[in-house]
Structure formats: structure tokens, C-alpha cells
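# Summary of the model geometry
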Amino acid sequence: MSYSNSSFDVIILAGGESKRFGEDKCDHEFNGITFLQRVSKEFSNPIIITNKLRANLNGRQIIDHVRKGPVRGLEIGIQYVKSAKVFVTGCDFPFVTRNLAEFLCGKTEFDISIVLVNEPQPLLACYSTSFLRQNLSKCKKMMDLLSLSKKTYLVGIRELEVNKINLLAVKNVNTWLDLNFSIRNIRASESKLVFSSF
């Protein structure tokens, strides 16, 4: 079942190599559904940037033939965005939820609203579309966007808990060991507002 996300678009980056995971993470099945299927079904018509066509997905698949990393994948995806805000995620977060995306994208006054788990998570963030269009070409890594933002909101774990966001939504899966479902290892963090004088 997919849900409406009329106030923002969604880009799912699904073209990575999954070297640490040892197989294509997006195609890995958990409880009979792949990580990518799990992520895509949370949203209404997500834009999926992928390195190959994949079966049984909700959303529009765009093939990234160049495969030069997430920033370049995002540059491809941003061409299809129509809303003022865009939630960006990937197969690293197979339990991401629509509720998390709505919460982040509801913070409309920021260039970036991003989850802070140990460090900012650029694939768990809502971005201003105009900000991305103006700045992606200046970036080599997703984290470069943070230094270019004039107004960033870092959303801490405590704020997510208070707002009843399931913390599995921020569980980063890079290795098989990460499939341990204990959320006790997610360190509590406080939210922060960051202004830049650029």
C-alpha cells in the first residue's frame, strides 16, 4: 500500500554497489520483500534512481547509466521533482516510513531538515528543491550540502521519539550485522538549528 505525499516528492537512491553488504542491498529480501520494495511502497510514486530495472516496484524508475555516486544520482532525480520539497533516502534505510518523511518535510523554512544519528544522515533528509538545484553541481559528496546550506535543522533522536516516529525508520543497514533490530544502539541526540553565514 502506498500513501500520498502531495506536499513533497521522494527520491530513492538505489544504484549503489553495496560493497560492505556483500550483495545488492536493494534486492535483499527480508520477510519476503526486498529492501527497495519496502522503501518504495511507503510513498506515492517515488522517483527511483537505479542502476538497473527492478521488478515489482511502486514508483518511476530512472536508470543511472553513469553511476558516479549519490550526488550524481540526485542530480538525475531532481530533474523529475515538481514539489518545493524533496525527501531523499536509499536502501540503506529499509525501514524508513512515510511518517518520518512527512515530519522532516513539514519543517518548510529550512534548506535541509536532516536526521542526526551519531552524525547527519543525508539519505534521511528533506531538502528544498530550489536549494538542491542551485547547489548540487558544487558538491562531490552528499555531506557537502550541509556546508552550503544557510539554514539546516538537525533532527535528533529525542525529537523523533517525542513525535512518535518509530526509531527503526532511522536504522542504517550497511552490513549483515546491522540487521540486528536492537534500537538500543541508536544513541540519543538533541535537535539543533544551524545557520550559515555564506
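For the structure itself, consult the block above.
## Notes on the layout of surface pockets
The computed volume of the second largest pocket comes to approximately 150 Å³. Surrounding the second largest pocket, 10 residues form its lining, Asp9, Asn45, Ile47, Tyr80 and Lys82 being those nearest its centre. Class assignment for the residues of the lining of the second largest pocket results in four nonpolar, three polar and three charged.

## Observations concerning the packing of aromatic side chains
Tallied over the full model, the rule gives three aromatic pairs. Seen from their ring centres, Phe43 and Phe87 are 5.8 Å apart, and the 40° between their planes marks the pair as tilted. Taken together, the residues span a long stretch of sequence, with Phe43 in the loop between α1 (35-40) and β4 (47-50) and Phe87 in strand β6 (residues 85-90) at a distance of 44 residues. No difference in accessibility class separates Phe43 from Phe87, as the two residues are buried. Measuring from centroid to centroid gives 5.2 Å for Phe110 and Tyr153, while their planes differ by 35°, and the two rings are tilted. One end of the pair, Phe110, is in the loop between α3 (98-105) and β7 (112-117); the other, Tyr153, is in strand β9 (residues 151-155), and 43 residues separate them in sequence.

## As for the pairing of β9
Buried residues dominate β9, accounting for four of its five residues. Pairing geometry for β7 and β9, over four bridges, is parallel. Directly across from Ile112, in β9, lies its bridge partner Thr152.

## Notes on the pattern of salt bridges
Within the structure shown, the criterion is met by three salt bridges. Across the pair Arg72 and Glu75 runs a salt bridge whose closest N-O atoms are separated by 2.8 Å. Separated by three residues within a single helix, Arg72 and Glu75 lie in helix α2 (residues 70-78), roughly one turn from each other. On the basis of relative accessibility, which here comes to 27%, the residue Arg72 falls in the partly exposed class.

## What to know about the environment of Thr89
By the secondary structure assignment, Thr89 is in strand β6. Residue classification places Thr89 among the buried positions, given a relative accessible area of 0%. Distance in space between the C-alpha atoms of Thr89 and Ala125 is 7.1 Å, their sequence separation being 36 residues. Setting aside residues up to four positions removed in sequence, Thr89 forms contacts with Ile11, Ile12, Leu13, Val39, Val96, Leu123 and Leu124. At 3.0 Å, the side chain of Thr89 forms a polar contact with the backbone oxygen of Leu123.

Conventions we followed
Residues numbered from 1 in each chain as written. Predicted model: local features only at pLDDT ≥ 70, side-chain atom pairs only at ≥ 80, totals over all residues. Heavy atoms only, no water. 1 Å grid on protein atoms, 1.4 Å probe; cavity = no way out; pocket = protein on both sides within 12 Å on 5 of 7 lines; lining within 4 Å. Points joined across faces, edges and corners; volume = space filled by probe spheres on them. Nonpolar A, V, L, I, M, F, W, Y, C, P; charged D, E, K, R; others polar. Phe/Tyr/Trp six-rings, centres within 6.5 Å; stacked < 30°, edge-to-face > 60°. Helix = DSSP H or I, 4+ residues; strand = E, 2+ residues; numbered from the N terminus. Buried < 20%, exposed > 50% of the residue type's maximum accessible area, 1.4 Å probe, protein only. Pairing = 2+ DSSP bridges. Salt bridge = Lys/Arg side-chain N within 4 Å of Asp/Glu carboxyl O. Contact = heavy atoms within 4.5 Å. Polar contact = N/O pair within 3.5 Å; in protein donor to acceptor, adjacent residues only side chain to side chain.

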